[in-house]
Amino acid sequence: MGKIISIVNQKGGVGKTTTAVNLAAGVGMCGKKVLLVDADPQGNSTSGYGINKKDMTVTCYELLIGNAKIESTVRSTDFENVDIVPSSMDLAAAEVDLIETEHREAQLKFALSTVREKYDYIFIDCPPSLGLITINALNASDTVLVPIQCEYFALEGLSQLMASVRQVKRLYNPTLEIEGIVLTMYDGRLNLTQQVVGEIKKYFANKLYKTAIPRAVRLSEAPSYGMPIQYYDKRSKGADAYNDLAKEFLKKNRR
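Numbers given to residues run from 1 along each chain, matching the order in which its sequence is written. Reporting in this predicted model follows two pLDDT cut-offs: at least 70 for local features of residues, and 80 or more for side-chain atom pairs to be given and counted; totals over whole chains, interfaces and linings ignore these cut-offs and use all residues. Hydrogen atoms and water are omitted, and side-chain values are computed over all heavy atoms in the structure.

### As for the overall build of the protein
Inclusion rule: Comment: elements are numbered from the N terminus, with helices defined as DSSP H or I runs of at least four residues and strands as E runs of at least two. Should any heavy atoms of two residues lie within 4.5 Å, those residues are considered in contact. For accessible areas, the Shrake-Rupley method is used with a probe of radius 1.4 Å. Any residue's cover is judged against the shown protein chains and nothing else. The charge count includes Lys and Arg as positive and Asp and Glu as negative, but it does not include His or the ends of the chains. Note on charges: their place is set at NZ of Lys, CZ of Arg, CG of Asp or CD of Glu.
For the protein, the count of helices and strands is twelve helices and seven strands. C-alpha atoms of the protein, sized along the principal axes, occupy 50 × 40 × 35 Å. Counting contacts in the protein only where the partners sit at least 6 residues apart, residues at least 24 apart contribute 78% of the total. Surface exposure of the protein reaches about 11800 Å², of which carbon and sulfur atoms provide 48%. Looking at charge distribution, the protein has the averaged site of its 31 positive side-chain charges lying 8 Å from that of its 29 negative ones.

In structure tokens, the structure reads:
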């Protein structure tokens, strides 16, 4: 049965979607069958895999509100072993549409339960807020992966996120755990980076991935070409970093 991992940070611009797109691709290249669920109304994971959001008639929105079965929302991609449930701006309305739905916090969990056996890993790219969509994702997940930018305000966001995870664990999903923390936009030459890393190690040493994702121009360019970094420029620093992260992720999960 596939493991479900939510990629979450309540702060925007921290490399969350970049991590979702490229980690999924890296794990797929290692021979694992992957489903990427784009649960962010911005739909950046969808376009990051070269899919035109305007062409989508059935997306994560229809799935969440119960108007479509997951089998009809899953699309194969041009990239090895990765399927995707695409998103669209319609998803922004899901939180309102779900208000009067029974078990509204568990709709994604119900939907994913029918395809878990087809995949080794299911990654959910969450919106940068703790609304009903993110609660659905956390409720459906086994673990939470947190990309964190190496800057001071990221530490405040991390403590808020951990409080939210504890709340979801208490109310809905008692088995939810932290998969790990990934440092993004890393520049080891900066004193601030070292200070942030030191603070994270103080509280989450056993959860911090050794692989850090550097600031890299090619990583920023890849989404505009609709490709994960490993396919856009396989010799780039970004591709090396996400391949290393995928291998570290799989090694941790072998244990």
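The rest of the description comes next.
### Describing helix 8 (residues 152-171)
Basically, it comes down to this: One fewer than the residue count of a helix, multiplied by 1.5 Å, yields its expected span.
The terminal C-alpha atoms of helix 8, which comprises 20 residues, lie 30 Å apart, in line with the 28 Å expected from a rise of 1.5 Å per residue. Next to the buried residues of helix 8 lie helix 7 (132-140), strand 6 (143-149), strand 7 (177-184) and helix 9 (191-204).

### Quick notes on the environment of K53
The line we're drawing: Exposure categories follow from relative accessible area, calculated using a 1.4 Å probe and restricted to protein chains: below 20% of the type maximum is buried, above 50% is exposed, and the middle band is partly exposed.
Within the element layout of this structure, K53 appears in the loop between helix 2 (44-48) and helix 3 (60-64). Look at K53 and you get partly exposed, because its relative accessible area is 28%. K53 sits 21 residues away from V74 along the chain, and the two C-alpha atoms are 14 Å apart. If we ignore the near neighbours within four places in the chain, the residues touching K53 are Q42, G43, N44, T46, S47 and S87.

### Describing the sheet that holds strand 5 (residues 121-125)
Just so we agree on the cut-off: DSSP bridges decide pairing: two strands pair if at least two such bridges lie between them.
Read from one edge to the other, the open sheet built from seven strands follows the order 3-4-2-5-1-6-7, with strand pairing classed as mixed. Two strands bound the open sheet, and with one partner strand each, they are strand 3 (75-76) and strand 7. Examined bridge by bridge, strand 2 (residues 34-38) and strand 4 (residues 82-85) share four bridges and lie parallel to one another. If you follow L36 over to strand 4, its bridge partner there is I84.

### Things to note about the pairing of strand 4
Burial of strand 4 is two-sided: the residues V82 and I84 facing one way and the residues D83 and V85 facing the other way are all buried. Bridge analysis of strand 3 against strand 4 gives two bridges, and the strand direction is antiparallel. Note that in strand 4 the partner of R75 across the bridge is I84. Between strand 3 and strand 4, which pair antiparallel and follow one another directly, the connecting turn spans five residues, one of which, N81, has a positive phi of 65°.

### Things to note about the packing of aromatic side chains
Spelled out, the test is: Centres within 6.5 Å are what make two rings of Phe, Tyr or Trp a pair, Trp counting through its six-membered ring; a difference in plane orientation under 30 degrees is then read as stacked, over 60 as edge-to-face, and the rest as tilted. Here, over-ring charges are defined by two tests on the NZ atom of lysine or the CZ atom of arginine: distance to the ring centre within 6 Å, and angle to the ring normal within 35 degrees.
For the structure on display, the rule yields six aromatic pairs. Taking the centre distance of 5.5 Å and the plane angle of 50° together, the rings of F123 and F249 count as tilted. A residue pair is termed long-range when its members are at least 10 positions apart, and F123 in strand 5 and F249 in helix 12 (residues 237-254) qualify at 126 residues. Residue F123 is classed as buried on the basis of its relative accessible area, which comes to 0%. Members of the aromatic cluster, joined through ring pairs, are Y49, F79 and Y231. A cation sits over an aromatic face here: K252 above Y209, 4.2 Å from the ring centre.

### Concerning the pattern of salt bridges
Put simply, the rule is: The salt bridge criterion pairs a side-chain nitrogen of Lys or Arg with a carboxyl oxygen of Asp or Glu, the two atoms within 4 Å.
Under the counting rule described, the total for this entry stands at nine salt bridges. In this structure, E179 and K3 form a salt bridge, with 2.8 Å as the shortest nitrogen-oxygen distance. A residue pair is termed long-range when its members are at least 10 positions apart, and E179 in strand 7 and K3 in strand 1 (residues 3-7) qualify at 176 residues. You can call E179 buried: its relative accessible area is 8%. The class of K3 is partly exposed, set by a relative accessible area of 21%. The salt bridge partner of D40 is K16, with a shortest N-O separation of 3.5 Å. With D40 in the loop between strand 2 and helix 2 and K16 in helix 1 (residues 16-29), the pair connects residues that are 24 residues apart, well separated along the chain. Summarising the burial analysis for this pair, D40 and K16 share the class buried. Taken together, the salt bridges that share partners define one network made up of K16, D40 and D125.

### Concerning a nonpolar patch on the surface
Inclusion rule: Exposure above 30% relative accessible area and the lack of any salt bridge qualify a residue for a patch; like charges then connect within 9 Å, and the nonpolar side chains Val, Leu, Ile, Met, Phe, Trp and Tyr within 5 Å.
A cluster of nonpolar side chains, contributed by M29, Y225, M227 and Y231, occupies part of the molecular surface with about 370 Å² of accessible area. Here M29 lies in helix 1. Residue M29 is classed as partly exposed on the basis of its relative accessible area, which comes to 35%.

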